[in-house]
Amino acid sequence: MDRPAAGQSDPSPHLDDRGEAWAWLYPATVGHRRNPSAPGAVTRQFRYRSYYWLVDVDVLARREPVARPLRPFARFRSADHLGDPDRSLAANARAVLAEAGLRADRILLLTCPRVGGHVFNPLSVFYCLVGEPGAERLDAVIAEVHNTYGGRHVYLLRPDGTGRDTTEKRFYVSPFLPMGGRYLMRVPPPDENLAVSIALQQDGATPFVATLTGRRRPATTANVLLTLLRWPLVTLRTAALIRWQGIRLWLRRVPVQPRPPDATRAEDGR
């Protein structure tokens with residue numbers, strides 16, 4: 001993760017106790033590509049614009065990332081994520097790590113906040129870093145996936161030096177993709193650029209690929225306001241776009257996959 005050199009000011013006004021930035025904005029492009037190997041043999045690709053925040057969850061437990069008038073449009077609540085809603089995001093993320101015998105010196109969360117009282121995050125990523133400031137390395141990633149049925153699942157990854165890891169698909173997300181197979185996830189820590197990709201691999205093919213790309217901006221009040229004006233009620237928009245794409249697949253007679261009973265369950269970690 002980039003840090004300013006000694007004596008160099010950080011462009012973000014959000015500074016922690018060491019004078020370092022702890023919150024950033026990432027205007028982003030989300031891409032979904034459905035390949036011919038998917039059920040129904042329908043090729044479909046769509047992109048939409050959005051934005052994400054990257055925040056240090058330890059600092060978030062003590063401070064707000066925006067001024068009071070903007071807080072209804074940038075709320076980060078434990079109840080919207082993994083674990084105990086009465087504990088902090090930092091404590092809940094470390095509980096997931098502790099179950100696997102892991103720890104983290106710093107945890108950065110990439111997510112969309114609650115905006116205007118609504119939240120929907122298809123994917124949130126907790127980057128779990130170890131090491132001294134200036135010499136940190138990525139040790140683990142908690143990938144938190146939500147579906148449109150109110151369910152949640154947590155994948156604990158141990159990425160290699162390029163940010164890649166694989167994990168079995170254990171959670172029902174799309175009604176047009178079957179269970180089973182593996183995800184190849186690429187989740188390097190964001191710096192100036194954000195680049196996340198998830199490829200579903202089933203029966204020797206790759207029926208679906210999702211990407212998230214963006215470029216960092218300082219989370220100044222002006223940038224936050226401009227982002228809110230450009231993408232108002234962003235989480236409602238995301239949920240609506242995903243459902244609209246599902247309707248389009250249904251109209252093309254893509255077969256609907258059976259939904260397992262646990263598709264609506266919110267898991268606290270594994």
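Heads up: the structure comes first, above all this text.
Residue numbers here run from 1 along each chain, matching the order of that chain's written sequence. The predicted origin of the model limits local features to residues at a pLDDT of at least 70 and limits the giving and counting of side-chain atom pairs to 80 or more, whereas totals for whole chains, interfaces and linings rest on all residues. Based on all heavy atoms of the structure, the side-chain values leave hydrogens and waters out of the count.

Student: Is there a simple way to think about the overall build of the chain in this case?
Tutor: Each helix and strand counted, the chain has 4 helices and 11 strands in total. Radius of gyration here is computed from C-alpha atoms only, and the compact-globule reference equals 2.2 Å multiplied by the residue count raised to the power 0.38. Since a compact globule built from 270 residues should have a radius of gyration of about 18 Å, the 18 Å found for the chain is in line with a globular shape. Judged by the C-alpha coordinates and their principal axes, the chain covers about 60 × 40 × 35 Å. Each of the 270 residues in the chain was classed as buried or not, and the buried ones make up 49%. By sequence separation, contacts in the chain at least 24 residues apart represent 59% of the contacts at least 6 residues apart. Carbon and sulfur atoms make up 52% of the accessible area of the chain, which totals about 12600 Å². Once the 38 positive and 26 negative side-chain charges of the chain are each reduced to a mean point, those two points are 10 Å apart. Comment: elements are numbered from the N terminus, with helices defined as DSSP H or I runs of at least four residues and strands as E runs of at least two. Exposed residues in this analysis have more than 50% of their type's maximum accessible area, buried residues have under 20%, and partly exposed residues fall in between, with area computed by a 1.4 Å probe over protein chains only. Note on contacts: a residue pair is in contact if any heavy atoms of the two residues lie within 4.5 Å. All accessibility values rest on the Shrake-Rupley procedure with a 1.4 Å probe; residue burial counts only the protein chains present in the view. As used throughout, the charge tally considers Lys and Arg to be positive and Asp and Glu to be negative, leaving His and the chain termini uncounted. Charge positions come from single atoms, namely NZ of Lys, CZ of Arg, CG of Asp or CD of Glu.

Student: Help me understand the nonpolar core, please; the structure alone is not making it clear to me.
Tutor: Side-chain atoms within 4.5 Å are what join buried Ala, Val, Leu, Ile, Met, Phe, Trp, Tyr and Cys residues into a set we call a nonpolar core. Tyr51, Trp53, Val55, Leu97, Ile107, Phe126 and Ile142 are the most contacted members of the largest nonpolar core, which has 35 residues in total. Here this core takes 5 residues from helix 2 (residues 89–99), the largest share from any one element. Once residues lying within four places of it in the same chain are set aside, the contact partners of Val55 are Trp22, Ala23, Leu60, Phe76, Ile107, Leu108 and Leu109. Core analysis: the next-biggest nonpolar cluster, separate from the first, contains 33 residues, Leu108, Val145, Ile198 and Leu200 among them.

Student: Before we go on, may I ask you to explain the pattern of salt bridges in this structure?
Tutor: Salt bridge criterion: a side-chain nitrogen from Lys or Arg within 4 Å of a carboxyl oxygen from Asp or Glu. Tallied over the entire structure, the rule returns 10 salt bridges. The partner of Arg152 in a salt bridge is Glu144, with the nearest N and O atoms 3.8 Å apart. Residue Arg152 is classed as buried on the basis of its relative accessible area, which comes to 7%. Of the residues examined, Glu144 reaches a relative accessible area of 0% and is grouped as buried. The salt bridge involving Arg216 is made with Glu192; its shortest N-O contact spans 2.8 Å. Of this pair, Arg216 sits in the loop between strand 10 (205–215) and strand 11 (217–218) while Glu192 is found in the loop between strand 8 (182–186) and strand 9 (193–202), placing the two residues 24 residues apart along the sequence. Of the residues examined, Arg216 reaches a relative accessible area of 16% and is grouped as buried. Taken together, the salt bridges that share partners define one network made up of Asp56, Arg106 and Glu136.

Student: Where do I start with the packing of aromatic side chains in this structure?
Tutor: Each aromatic ring pair is characterised by the separation of its centres together with the angle its planes make. Any two rings among Phe, Tyr and Trp, with Trp reduced to its six-membered ring, count as a pair given centres within 6.5 Å; such a pair is stacked if its planes are under 30 degrees apart, edge-to-face if over 60, and tilted if neither. For the structure shown, the criterion picks out 5 aromatic pairs. The interplanar angle of 20° and the centroid separation of 6.0 Å between the aromatic rings of Phe46 and Tyr48 together place this pair among those described as stacked. With a centroid separation of 6.1 Å and an interplanar angle of 35°, the aromatic rings of Tyr51 and Trp231 are classed as tilted. Residue Tyr51 is found in strand 2 (residues 44–56), and its partner Trp231 is found in the loop between helix 3 (221–230) and helix 4 (234–251); the two are separated by 180 residues along the sequence. Its relative accessible area of 1% is what places Tyr51 among the buried residues.

Student: How should the pairing of strand 3 (residues 106–111) be read in this particular structure?
Tutor: Regular strands have side chains that alternate between both faces of the sheet. With 6 of 6 residues buried, strand 3 is to be regarded as a mostly interior element. Both faces of strand 3 are covered, namely the face carrying Arg106, Leu108 and Leu110 and the face carrying Ile107, Leu109 and Thr111. Whether two strands pair comes down to DSSP finding at least two bridges between them. Where strand 3 and strand 4 (residues 123–130) come together, 5 bridges link them in antiparallel fashion. Bridging from a neighbouring strand, Leu109 pairs with Phe126 of strand 4.

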